[in-house]
Amino acid sequence: MDNHSYHHGDLKRELMEKGLLLINQYGEDNLSLRKLATECGVSNAAPYAHFKNKEDFISEIQNYVMGLFTAQLEKALAENSESNEVFIQLGKAYVMFFCHHPSYFDFLFSRKNIKVQLSLDKTGENPPFDILKKTAFKYFSRLNMSDYEIENTVVAMWALVHGLSAITAMPNVVIGEDWEKRVEAVLRTAGFSKQGGLK
């Protein structure tokens, strides 16, 4: 692949996607922008048109993946915000994002600067998790659940979808049906509903 094979504006994304694969395959310490340029078939200078250095490159990948992940959950919420299916659809969107992009899961949750704030009144550090917290508070507070009960429910819900995501991202896990169908079935079995959260 040469420099001219990229559509305008695509090189930065292609560098990040290839970088993710290389990091997950060989480790972050073994990645260099020079190696990345070689893998992508572009000049050694090409990555520096988009990233100042390796640290900036890693930071941009994290922002890129987090942005895609957040957008997926926002879309699911927008389409189901007033539905009894809202938590099922949010949970399914969470899991299927990583099912389709297992390298994203390995990379994102290996970052030491990824924070998850469980308290309902503290947001802004992890946009995807904030979506789950805000949605849970909106619906479960109507059921006269205390903040403590809502927080515990959020933790239980997150543990389930995050665990399912880890399972689907594993290369040697075999399932007898489509992952999307199985994930939805698991969420329903666990009682992901607006009326009561987890059973």
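Everything that follows concerns the structure shown earlier in this document.
A quick note: this is a predicted structure, and the numbers were derived from the prediction, not measured. (Residues numbered from 1 in each chain as written. Predicted model: local features only at pLDDT ≥ 70, side-chain atom pairs only at ≥ 80, totals over all residues. Heavy atoms only, no water.)

**Observations regarding the packing of helix H4 (residues 86–100) against helix H7 (residues 147–169)**
Two numbers describe a pair of packed helices, the interaxial angle and the distance between the axes.
Next up, step 1: The N-to-C vectors of H4 and H7 enclose an angle of 30°; their axes lie 8 Å apart at closest approach. Considering their axes alone, H4 and H7 lie roughly parallel with respect to each other. For the crossing formed where H4 meets H7, the hand is right-handed. Along its contact with H4, which presents Phe87, Gly91, Tyr94, Val95, Phe98 and Cys99, the element H7 presents Met157, Trp158, Val161, His162, Leu164, Ser165, Thr168 and Ala169. (Axes fitted to C-alpha atoms, helices over the stretch in contact; angles between N-to-C directions. Helix = DSSP H or I, 4+ residues; strand = E, 2+ residues; numbered from the N terminus. Parallel < 35°, antiparallel > 145°, perpendicular 65-115°, else oblique. Left-handed = near helix turned anticlockwise from the far one by under 90°. Contact = heavy atoms within 4.5 Å.)

**What about the nonpolar core?**
Here is a general trend for soluble globular proteins: nonpolar side chains tend to be buried in one another's company.
Next up, step 1: Core analysis: the largest hydrophobic core is formed by 57 residues, its most contacted members being Phe57, Ile61, Phe69, Phe87, Phe98 and Phe192.
Next up, step 2: Looking at this core, the elements with two or more residues in it are helix H1 (11–26), helix H2 (33–40), helix H3 (54–80), H4, helix H5 (102–108), helix H6 (127–140), H7 and helix H8 (179–189).
Next up, step 3: Once residues lying within four places of it in the same chain are set aside, the contact partners of Phe98 are Phe69, Tyr104, Phe105, Leu108, Phe109, Ser165, Thr168 and Ala169. (Core = buried A, V, L, I, M, F, W, Y, C linked by side-chain atoms within 4.5 Å. Buried < 20%, exposed > 50% of the residue type's maximum accessible area, 1.4 Å probe, protein only.)

**Structural notes on the packing of aromatic side chains**
Next up, step 1: Going through the model one piece at a time under the given rule, you end up with 14 aromatic pairs.
Next up, step 2: Residues Tyr94 and Phe98 carry aromatic rings whose centres are separated by 5.8 Å and whose planes lie at 65° to one another, so their mutual orientation is edge-to-face. Here Tyr94 pairs with Phe98, and both are found in helix H4, just four residues apart, close to one helical turn.
Next up, step 3: Relative accessible area serves as the criterion here: at 0%, Phe98 is assigned to the buried category. (Phe/Tyr/Trp six-rings, centres within 6.5 Å; stacked < 30°, edge-to-face > 60°.)

**A closer look at the environment of Leu90**
Next up, step 1: Among the structural elements, Leu90 can be located in helix H4.
Next up, step 2: When the C-alpha atoms of Leu90 and Ala76 are compared, they prove to be 5.7 Å apart, with 14 residues separating the residues in sequence.
Next up, step 3: Not counting residues within four places of it along the chain, the set of residues in contact with Leu90 comprises Leu73, Ala76, Leu77, Ile131 and Thr135.

**Quick word on a nonpolar patch on the surface**
Next up, step 1: A surface patch of nonpolar side chains, amounting to about 180 Å² of accessible area, comprises Val116, Leu118 and Val155.
Next up, step 2: Mapped onto the elements of the fold, Val155 is located in helix H7. (Patch = residues over 30% accessible without salt bridge, like charges linked within 9 Å, V, L, I, M, F, W, Y side chains within 5 Å. Areas by Shrake-Rupley, 256 points an atom, 1.4 Å probe, with all protein chains shown as cover. Salt bridge = Lys/Arg side-chain N within 4 Å of Asp/Glu carboxyl O.)

**Considering the pattern of salt bridges**
Next up, step 1: Going through the model one piece at a time under the given rule, you end up with ten salt bridges.
Next up, step 2: One salt bridge in this structure joins Glu14 and Arg13, with 3.2 Å as the shortest N-O distance.
Next up, step 3: Judged by its relative accessible area of 34%, Arg13 is partly exposed.
Next up, step 4: Taken together, the salt bridges that share partners define one network made up of Glu85, Lys92, Glu180, Glu184 and Arg188.

**Focus on unusual backbone geometry**
Next up, step 1: At Asn144, a position not held by glycine, the phi torsion is positive, near 60°.
Next up, step 2: Within the secondary structure, Asn144 sits in the loop between H6 and H7.
Next up, step 3: Classification of Asn144 by relative accessible area gives exposed; the value is 72%.

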